[in-house]
Structures are given as C-alpha cells and as structure tokens.
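Close look at the chain arrangement
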Amino acid sequence: MFNHETVLLKESVDGLNIRPDGIYVDCTLGGAGHSSYILSKLTNGGKLFAFDQDETALRYAREKLKGYAEQFTAIKSNFKYLQEELQHLGINRVDGVLYDLGVSSPQLDTPERGFSYHHDAPLDMRMDLEGDLTAYEVVNNWTYEELVRIFFRYGEEKFSKQVARNIEKTREKRPIETTGELVEIIKQSIPAPARRKGGHPAKRIFQAIRIAVNDELKAFESSLKQAIQLLNPGGRICVITFHSLEDRICKQLLKEASSVPDLPPGLPVIPDELKPEMKLITRKPIVPTEEELAVNNRSRSAKLRIAEKR
Ligand SMILES: C[S@@+](CC[C@H](N)C(=O)[O-])C[C@H]1O[C@@H](n2cnc3c(N)ncnc32)[C@H](O)[C@@H]1O
C-alpha cells in the first residue's frame, strides 16, 4: 500500500488553470494524488506526463491510473531531464507543470530506504535505487570539509563542524553502517540545551545528506528553468516546497522571470523582447489551511507558488 497524503491538492491543481484538452506535466508523481486530480479534469484530447525517479512510486501510480491509458504517460526519470524526456515523446510545449518536492511518505516510512531517523536501517537515502551515490558513501567517504559544507548549506545546522568531527572520529575506528549509529553521533555532537529545541536533533543533518545524495537543489533549479521555457503562453507552473532552500530557489527564479530588466530612462513603452516571460500569480506563497494542517502533519512546512507564462 502506498500511503501518501497529498498536500495542497486543490490549491495546486486549480492553480494550474487546467484546459481539458491541454498538455500537463507532474514532475513528482509519487502516490499520484495530484496526477489523479489533474486527469479527472482532462478530456480525451488532454494529456498528462508524469515523472518519478522511484520505481516503487511508478509501479503503484501506473496501477492506480490504468483507467487513463489514453491520457497518462509515466516516465521513470529525474525531472532534471524534463525537456529531453518530453522531446523524445514529441512534446515541445506544455500548458502546465507541477512540482510537489521532496520525499513521499512511503519513502520516509520504509525503514530500508534509510531516509528516517526514527528507524534503524542501512544508510541509503536514494530516491532512485539505481543511483550510484548512497548516504553510506557520503557519511563514510566524504572529507570533513565536504561534510561541513553540506551540513551548513543543505541542513543549516549550527553544529555542523562538531557533527562532522565526530563522524570522522567514529569512522577512523569502523565504518558507520546505519541511520541509528548516525543519529547517536549527531546527538552526542549537539549540546543538550540545543538538542531540546527545534524538533528531532538529527532532522537537519538527515535533510542535508538526503539533498546531497539526490542532488536535489541542482535538479530542481535546472528543471524549473526548463519548465519556464516549455510553457505555452497562459501556461502555469505550480511549485510546492517543504523547506527554505527549495523555496528560495523557486522564489528567486520566478521573480527573475517575472521582472522587467533595468531600462534606459525615458523609454516610452517596454519593447516586446524585454517584457518578462512570466507573471507571478502568488506574490506570497499559499500555505495549507487549518483543516489540512489538522489532518496532515507533513503539510505544515508546505508553500505553494504559482506563476503564468505571458
Ligand atoms: C512528495 S512526493 C509526491 C507526492 C504526489 N504529489 C502525491 O500526491 O502522491 C515526491 C515524489 O517525487 C519524486 N522525486 C523527487 N525528486 C525527483 C526528481 N528530481 N526527479 C524525479 N522524481 C523526483 C520522489 O521520488 C517522490 O516519489
């Protein structure tokens, strides 16, 4: 069973302003919550292409959506290959692209995937099980400097140096094999008063390693740029992010794409080629309602941003 509670479902899919005969892309298929709702709004002429790099999610979603064989195509690929994969299928323009970033609940809740600090399991954290880089490799073989860099940058962890130093000390004696061992090292590295604040003490380091293993930020940035290029006029992008690093990339890129460049003074009208490509639909992100927060804890950090191609 693939139990993933979809976040900001109505807000994001309604945000796509779906044309029943349009072409849409769900970059993060997962449990197909958003995809099912998009498909319910399409007629026979409409198409949905959905990406996931996780074979388990694809298998589940293909079965769930088998009634939509005409309209639905699942693609096993990283969404950083958005343009290339669509081109292979003869698609050069689309009417909407959706991202619901991060990991799904089944990925988090399956101990063997090694994403969770609540279970003791081998250090893995790959969304794509065919990927070469695992959390084991990062934790055991990356240098002290590389670890400090990712813990600061991707985890915004104040005690990055202490954690990296204790990882180094431990692995000099023996390899660090499991999430449980890593959690213990993190707990020992963070002073007790700080450990009691801000949720689970391993949360930020686990986020950092997961982002590094899956190269999440670069993939998203590259994909979002491609999505902007792929859109037809009037087409929309909806992005749901779950932490400040993803949200910053999204906000920045959409802002750049929707801003007028500095113009020479006295120019009476903005020439067409200088007009921004996008228009922001949400100046401030949409966040879950109290009702959603009450039933879905995973939604608490979600932010939805929407922009439209001019
Ligand atoms: C939060 S879940 C999506 C849940 C889905 N919207 C639903 O309602 O069921 C994110 C999914 O995107 C996938 N994913 C994350 N980053 C990806 C990437 N760069 N390329 C392809 N799939 C990715 C993950 O494997 C995961 O299944």
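What this report covers is the structure whose coordinates are included nearby. (Residues numbered from 1 in each chain as written. Predicted model: local features only at pLDDT ≥ 70, side-chain atom pairs only at ≥ 80, totals over all residues. Heavy atoms only, no water.)

**Quick word on the site of the ligand**
Among the 24 residues in the neighbourhood of the ligand, the closest are listed as Thr6, His34, Asp52, Phe79 and Asp100. Within the backbone of alanine 32, an N or O atom sits 3.2 Å from an oxygen atom of the ligand. Glycine 33 is positioned with one of its backbone polar atoms (N or O) 3.2 Å from an oxygen atom of the ligand. Surface burial for the ligand is 98%, taken as the share of its 600 Å² of free accessible area covered by protein chains. Its residues placed into classes, the shell around the ligand shows seven nonpolar, 13 polar and four charged. (Near = heavy atom within 4 Å. Polar contact = N/O pair within 3.5 Å; in protein donor to acceptor, adjacent residues only side chain to side chain. Areas by Shrake-Rupley, 256 points an atom, 1.4 Å probe, with all protein chains shown as cover. Nonpolar A, V, L, I, M, F, W, Y, C, P; charged D, E, K, R; others polar.)

**Quick look at the packing of aromatic side chains**
In total, this model carries three aromatic pairs according to the counting rule given. Centroid distance tyrosine 99 to phenylalanine 220: 5.4 Å. Interplanar angle 75°. Geometry classified as edge-to-face. With tyrosine 99 in strand β4 (residues 94-100) and phenylalanine 220 in helix α12 (residues 216-230), the pair connects residues that are 121 residues apart, well separated along the chain. Taking relative accessible area as the criterion, phenylalanine 220 reaches 1% and is therefore assigned buried. Taking 5.5 Å as the distance between ring centres and 85° as the angle between the ring planes, the aromatic pair formed by tyrosine 117 and phenylalanine 206 counts as edge-to-face. Of the two residues, tyrosine 117 sits in the loop between α5 (105-109) and α6 (135-141) while phenylalanine 206 sits in helix α11 (residues 203-214), which places them 89 residues apart along the sequence. Exposure remark for tyrosine 117: the relative accessible area of 22% places this residue in the partly exposed category. (Phe/Tyr/Trp six-rings, centres within 6.5 Å; stacked < 30°, edge-to-face > 60°. Helix = DSSP H or I, 4+ residues; strand = E, 2+ residues; numbered from the N terminus. Buried < 20%, exposed > 50% of the residue type's maximum accessible area, 1.4 Å probe, protein only.)

**Notes on the side chain of asparagine 140**
In this structure, asparagine 140 sits in helix α6. By relative accessible area, asparagine 140 is classed as buried at 11%. Every residue in contact with asparagine 140, bar those within four places of it in the chain, is listed here: Arg171, Pro175 and Ile176. (Contact = heavy atoms within 4.5 Å.)

**Quick look at the sheet that holds strand β1 (residues 23-26)**
Strand-to-strand pairing in sheets goes through backbone hydrogen bonds, with the strands running parallel or antiparallel. Spatially, β3-β2-β1-β4-β5-β7-β6 is the arrangement adopted by the seven strands of the open sheet, whose pairing is mixed. Whereas interior strands pair on both sides, the edge strands pair on one side only; in this sheet they are β3 (72-76) and β6 (278-280). Here the average twist between neighbouring strands, direction ignored, is 20°. Pairing between strand β2 (residues 47-52) and β3: five bridges, direction parallel. Looking at the pairing, aspartate 52 lines up with lysine 76 of β3. Packing of α12 onto the sheet brings it into contact with β4, β5 (231-241), β6 and β7 (303-309), and relative to β5 it is tilted by some 155°. Against the sheet, helix α13 (residues 244-257) contacts β5, β6 and β7, and its axis sits at roughly 20° relative to β7. (Pairing = 2+ DSSP bridges. Axes fitted to C-alpha atoms, helices over the stretch in contact; angles between N-to-C directions.)

The values are spatial; any link to function lies outside them.
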